[in-house]
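Summary of structural features
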Amino acid sequence: MTRDWLLSDRPASRTQARLGRAYRVWLSFASNRLALVGLGIILALVVLAALAGVLAPHSPYIGNLAEARLLPPGTPGYLLGTDDQGRDILSRLLHGARLTLMVVVLVAVIAAPVGLLVGTVAGYAGGWVDAVLMRITDIFLAFPKLVLALAFVAALGPGIENAVLAIAITSWPPYARIARAETLGVRNSDYIAAVRLMGARPWRIVARHVMPMCLPSLIVRVTLDMAGIILTAAGLGFLGLGAQPPLPEWGAMIASGRRFILDQWWVATMPGIAIFVVSLGFNLLGDGLRDALDPREAGQ
């Protein structure tokens, strides 16, 4: 009964129409098994990060140099082994998941709204406003993201907060491009013309009617960019410009373990595997959302 109500071709209210649309998106998403795998990986990451304090068998900061230095995986009490400071790698990975999620969420919260605002304003206003905003966007796009992030971190100083800010500054231009393209496609539509004839001001049209229409494409792009954000943060940490010791950031863990890669391979390999799995999860999730939210894909 509820399914029929959600899938009705003639919804009786806006709430029913919105719930029906969300349900159709979920059915399309759930039909993609790889997308469900990606969703499962991300949910597992969230749960492990939230329960890191309970699940971690040891302190992520305090080691045992006398008895637990560079122990291999499978050692009793140390499932994934220990590093050169005698710290449990599993515990550091669990607590490092919190840093990874924090970086991803903060970058998305900062970069996506900035890109959405710049793109919709440029696309709707046109003229010199569009030219100025897009030329600024082109300047940021002209530099590789990691190189530009390195420049900003070098100017701001090393640290996880500055790394987040640097990554966010370099991440918004693609979102602006997408939002502008979506805005150019709808600004002359009959729907927007009707709202304009009713006396709505430009800022209200952009905020209430244009931005919501850009959100599906933006959400997909943000999800697909999560893997790149994680790799950029790990790269900054590897170079010593991201999270500083003793924070258990995965990139910094790889950097500290590269000296032992030939003999004690697990020190650098375990955080590398964590980065790979989480990046894969975000990519699979983004692909599933793209197929579910794109009506052209859904209709094929």
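One structure accompanies this document, and this report is about it. From a predicted model like this one, the values you see are computed outputs, not experimental measurements. All residue numbers refer to positions counted from 1 along the written sequence of the respective chain. Two thresholds apply to this predicted model, a pLDDT of at least 70 for residue-level local features and 80 or more for giving and counting side-chain atom pairs, whereas whole-chain, interface and lining totals are computed over all residues. Heavy atoms throughout the structure, all of them, feed into the side-chain values; hydrogens and water do not.

Focus on the overall build of the protein chain
For clarity, the threshold we go by: For the purposes of this entry, the term helix denotes a DSSP run of H or I that reaches at least four residues, the term strand denotes a run of E that reaches at least two, and both are numbered from the N terminus. Any two residues whose heavy atoms approach within 4.5 Å at even a single point are treated as in contact.
Along its length, the protein chain carries 13 helices and 0 strands. Along the protein chain, helices and strands appear, N-terminal first, in the series α-α-α-α-α-α-α-α-α-α-α-α-α. Based on the C-alpha atoms only, the size of the protein chain along its principal axes is roughly 75 × 55 × 30 Å. Within the protein chain, contacts between residues separated by at least 24 positions form 68% of all contacts whose residues are at least 6 apart in sequence.

Brief notes about the side chain of serine 171
For clarity, the cut-off: Counted as a polar contact is a pair of N or O atoms within 3.5 Å, where, for protein atoms, one must be capable of donating a hydrogen and the other of accepting one, and residues adjacent in sequence contribute only when both atoms are in side chains.
By the element assignment, serine 171 lies in helix 8 (residues 160-186). Of the polar contacts made by the side chain of serine 171, one reaches the backbone oxygen of isoleucine 167; its length is 2.5 Å. Beyond its immediate stretch of four places on either side in the chain, serine 171 contacts Val107, Ala111 and Lys145.

Considering unusual backbone geometry
The peptide bond linking proline 245 to proline 246 adopts the cis configuration, its omega dihedral lying at 5 degrees. Unlike most non-glycine residues, leucine 70 shows phi in positive territory, near 55 degrees. By secondary structure assignment, the location of leucine 70 is in the loop between helix 4 (52-55) and helix 5 (89-125).

A word on the pattern of salt bridges
Using the following cut-off: By definition, a salt bridge exists where a carboxyl oxygen of Asp or Glu is found within 4 Å of a side-chain nitrogen of Lys or Arg.
All chains considered together, the criterion is met by 9 salt bridges. With a closest N to O distance of 2.8 Å, aspartate 130 and arginine 180 form a salt bridge. Residue aspartate 130 is found in helix 6 (residues 127-141), and its partner arginine 180 is found in helix 8; the two are separated by 50 residues along the sequence.

Description of a nonpolar patch on the surface
The cut-off we apply is this: Here, patches come from residues exposed beyond 30% relative accessible area and free of salt bridges, joined within 9 Å for like charges and within 5 Å for nonpolar side chains (Val, Leu, Ile, Met, Phe, Trp, Tyr). Only the protein chains shown count as cover for residues, and the accessible areas themselves come from Shrake-Rupley with a 1.4 Å probe. Under the scheme applied here, a residue whose accessible area is under 20% of the maximum for its type counts as buried, over 50% as exposed, and between as partly exposed, the area being computed with a 1.4 Å probe on protein chains only.
Together, Met102, Val105, Leu106, Val109, Ile110 and Val114 make up a nonpolar patch on the protein surface, roughly 440 Å² of accessible area in all. Mapped onto the secondary structure, valine 105 falls in helix 5. Owing to a relative accessible area of 47%, valine 105 belongs among the partly exposed residues under this scheme.

Quick word on helix 6
Going by this rule: To estimate the expected span of a helix, subtract one from its residue number and multiply by 1.5 Å.
Here helix 6 is 15 residues long and its end C-alpha atoms lie 21 Å apart, about the 21 Å a rise of 1.5 Å per residue gives. Elements that come into contact with the buried residues of helix 6 comprise helix 5 and helix 8.

Notes on the environment of tyrosine 191
Relative to the helices and strands, tyrosine 191 is located in helix 9 (residues 190-197). Separated by 20 residues in the primary sequence, tyrosine 191 and serine 171 have C-alpha atoms spaced 31 Å apart. Not counting chain neighbours up to four residues away, the residues in contact with tyrosine 191 comprise His209 and Met213.

Digging into the side chain of serine 91
Mapped onto the elements, serine 91 comes out in helix 5. In this structure the side chain of serine 91 is engaged in a polar contact, spanning 2.6 Å, whose partner is the side chain of aspartate 88. If we skip the residues at most four places from it in the chain, serine 91 touches Ala56, Pro57, His58, Ser59 and Pro60.

Side note on the packing of aromatic side chains
Worth spelling out the cut-off: To pair, rings of Phe, Tyr and Trp, with the six-membered ring standing in for Trp, must have centres within 6.5 Å; the planes then decide the type, stacked if under 30 degrees apart, edge-to-face if over 60, and tilted in the middle. Counting as a charge over the ring demands two things of the Lys NZ or Arg CZ atom: a distance within 6 Å of the ring centre and an angle within 35 degrees of the ring normal.
In the structure shown here, the tally under the stated rule is 3 aromatic pairs. Ring plane angle 85 degrees and centroid distance 5.8 Å describe the contact between tryptophan 265 and tryptophan 266, whose orientation is recorded as edge-to-face. In this structure tryptophan 266 comes out as buried when scored by relative accessible area, which is 7%. Directly above the aromatic system of phenylalanine 238 lies the positively charged group of arginine 258, at a separation of 5.4 Å from the ring centroid.

Overview of the packing of helix 2 (residues 14-30) against helix 3 (residues 33-50)
The test is simple: The convention used is that axes are lines fitted to C-alpha atoms, helices contributing only their stretch in contact, and that angles between N-to-C directions extend from 0 to 180 degrees. Every angle not falling under 35 degrees, over 145, or within 65 to 115 is termed oblique; those three ranges are roughly parallel, roughly antiparallel and roughly perpendicular. Only Asp, Glu, Lys and Arg are considered charged in this grouping, and only Ala, Val, Leu, Ile, Met, Phe, Trp, Tyr, Cys and Pro are considered nonpolar; every other residue, Gly among them, is considered polar.
Contact geometry of helix 2 with helix 3 gives a least axis separation of 7 Å together with a crossing angle of 100 degrees. Classed by the angle they form, the pair helix 2 and helix 3 counts as roughly perpendicular. Contact residues: Trp26, Phe29 and Ala30 in helix 2; Ala35, Leu36 and Leu39 in helix 3. For the contact of helix 2 with helix 3, the residue count by class is 6 nonpolar, no polar and no charged.

Structural notes on the packing of helix 5 against helix 8
Applied cut-off: The crossing is said to be left-handed when, going from far helix to near helix, the turn is anticlockwise and less than a right angle, and right-handed when the turn is clockwise.
Contact geometry of helix 5 with helix 8 gives a least axis separation of 6 Å together with a crossing angle of 35 degrees. The two elements helix 5 and helix 8 meet at a crossing, and its hand is right-handed. Considered class by class, the residues forming the contact of helix 5 with helix 8 number 21 nonpolar, 6 polar and 1 charged.

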